[in-house]
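Working through the structure, step by step
The lines below spell out each chain.
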Amino acid sequence: MKKIALIPARYGATRFPGKLMAKLGGKSVILRTYESTVNTGVFDEVIVVCDSDIIYQEIVQNNGKAIMSRKEHECGTDRIAEAVADMDVDIVVNVQGDEPFTQKGPLEKLLQVFEGEAGKQVQVASLMQELKDWKSIEDPNYVKVAVDKHFNALFFSRSVIPYPRNKEARSIYYEHIGIYAFRKQTLLEFTRLPVSPLENAEKIECLRYLENGIPMKMVVTEYMGVEIDTPEDLQKATQLL
């Protein structure tokens, strides 16, 4: 299977405008994300798909690969779908531009779910990690996911799921890590679906799959990186770096 990583990169961000060009240890967040993705060595190609010349120049001037979107998009998945439409590829991995600590291990586990007989049924997969800090569990900036016993996603929410009404129950809380893997055709079909009601309410695009009956396989990882959503996240990332 031919596997590529596409990194959607939007310069404007509601909670942290220009965050992808913010400096993290002397390099921009988007450049660190690109370089860490390339360094995993698991992809045939890695490309940043951006909406601004600032980000485009940041990547190409550092010997990276980048392309400009031809139109505005509601979400990163729509952006990479436009880019991949004419590419000869089997599996497309969407690595968020604000994931500067992208690692090889989790990506290998993510790609493995597409292999073998069982893998033929998987159309979309994503990563999650266990949350143990209650402050993070309650934080709406941390997207939580509930799964069934086969690790298929049941629901994504910024709220606490499951709600611990039974204080004696041993509930596990998972944070959704915004790295997705798609079969190309499934990715293209996603863009033809209208924004769904739950997606619009939560502002979590993968709810569009669930609302349209498309299963989403979740893969547990001990990623423990920092996704840059706020200035406070950038401070955490700097400490981690």
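Figured I'd write up the structure that's included with this text. (Residues numbered from 1 in each chain as written. Predicted model: local features only at pLDDT ≥ 70, side-chain atom pairs only at ≥ 80, totals over all residues. Heavy atoms only, no water.)

**Re helix H10 (residues 231–240)**
Taken as a whole, H10 has its buried residues at Asp233, Leu234 and Ala237. Down the axis of H10, the buried side of the element spans an arc of 100 degrees, and every buried residue falls inside it. For H10, the exposed residues set more than 90 degrees away from the buried face come down to Gln235 and Gln239. Against strand E2 (23–24) and helix H1 (29–39) lie the buried residues of H10. (Buried < 20%, exposed > 50% of the residue type's maximum accessible area, 1.4 Å probe, protein only. Helix = DSSP H or I, 4+ residues; strand = E, 2+ residues; numbered from the N terminus. Arc of directions from axis to C-beta. Contact = heavy atoms within 4.5 Å.)

**So, unusual backbone geometry**
Cis geometry is adopted by the peptide bond preceding Pro162, which originates at Ile161 and carries an omega value of -5 degrees. Within the secondary structure layout, Pro162 lies in the loop between strand E9 (153–157) and strand E10 (173–183). For Asn63, which is not glycine, the phi torsion reads 65 degrees and is therefore positive. As for its position among the elements, Asn63 is in the loop between helix H2 (53–60) and strand E5 (66–68). Phi angles above zero are rare outside glycine, and Phe151 is one such case at about 65 degrees.

**With respect to the pattern of salt bridges**
Inspection of every chain in the model, using the stated rule, returns seven salt bridges. A salt bridge links Glu117 to Lys120, with the shortest nitrogen-to-oxygen separation between them at 2.9 Å. Ionic pairing is found between Arg170 and Glu130, a salt bridge with its closest N-O pair at 3.7 Å. Taken together, the residues Arg170 in the loop between E9 and E10 and Glu130 in strand E7 (residues 124–131) connect sequence positions 40 residues apart. Residue classification places Arg170 among the exposed residues on the basis of a relative accessible area of 65%. The class of Glu130 is partly exposed, set by a relative accessible area of 28%. (Salt bridge = Lys/Arg side-chain N within 4 Å of Asp/Glu carboxyl O.)

**A few points about the layout of surface pockets**
Size it by volume and the second largest pocket reaches roughly 160 Å³. What lines the second largest pocket is simply Val113, Ala118, Gly119, Gln121, Val122, Gln123, Val124, Asn152, Pro215, Met216 and Lys217. When grouped by side-chain class, the residues that make up the lining of the second largest pocket number six nonpolar, four polar and one charged. (1 Å grid on protein atoms, 1.4 Å probe; cavity = no way out; pocket = protein on both sides within 12 Å on 5 of 7 lines; lining within 4 Å. Points joined across faces, edges and corners; volume = space filled by probe spheres on them. Nonpolar A, V, L, I, M, F, W, Y, C, P; charged D, E, K, R; others polar.)

**Let's talk about the pairing of E7**
Most of E7 sits inside the fold, with seven of its eight residues counted as buried. Strand direction decides the pairing type here: E7 and E10, joined by eight bridges, are antiparallel. Among the inter-strand pairings, Met128 is bridged to a residue of E10, identified as His176. In the sheet, E7 pairs with strand E11 (residues 217–220) via four bridges, with the strands oriented parallel. Its bridge partner lying in E11, Ser126 is registered against Met218. (Pairing = 2+ DSSP bridges.)

**Quick notes on the side chain of Glu58**
Mapped onto the secondary structure, Glu58 falls in helix H2. Among buried charged residues, Glu58 stands out as having no salt bridge; its nearest opposite-charge side chain is Lys23, 4.6 Å away. Glu58 has contacts with Met21, Ser28, Ile30 and Leu31, leaving out every residue within four places of it along the chain. (Lys, Arg positive; Asp, Glu negative; His and termini not counted.)

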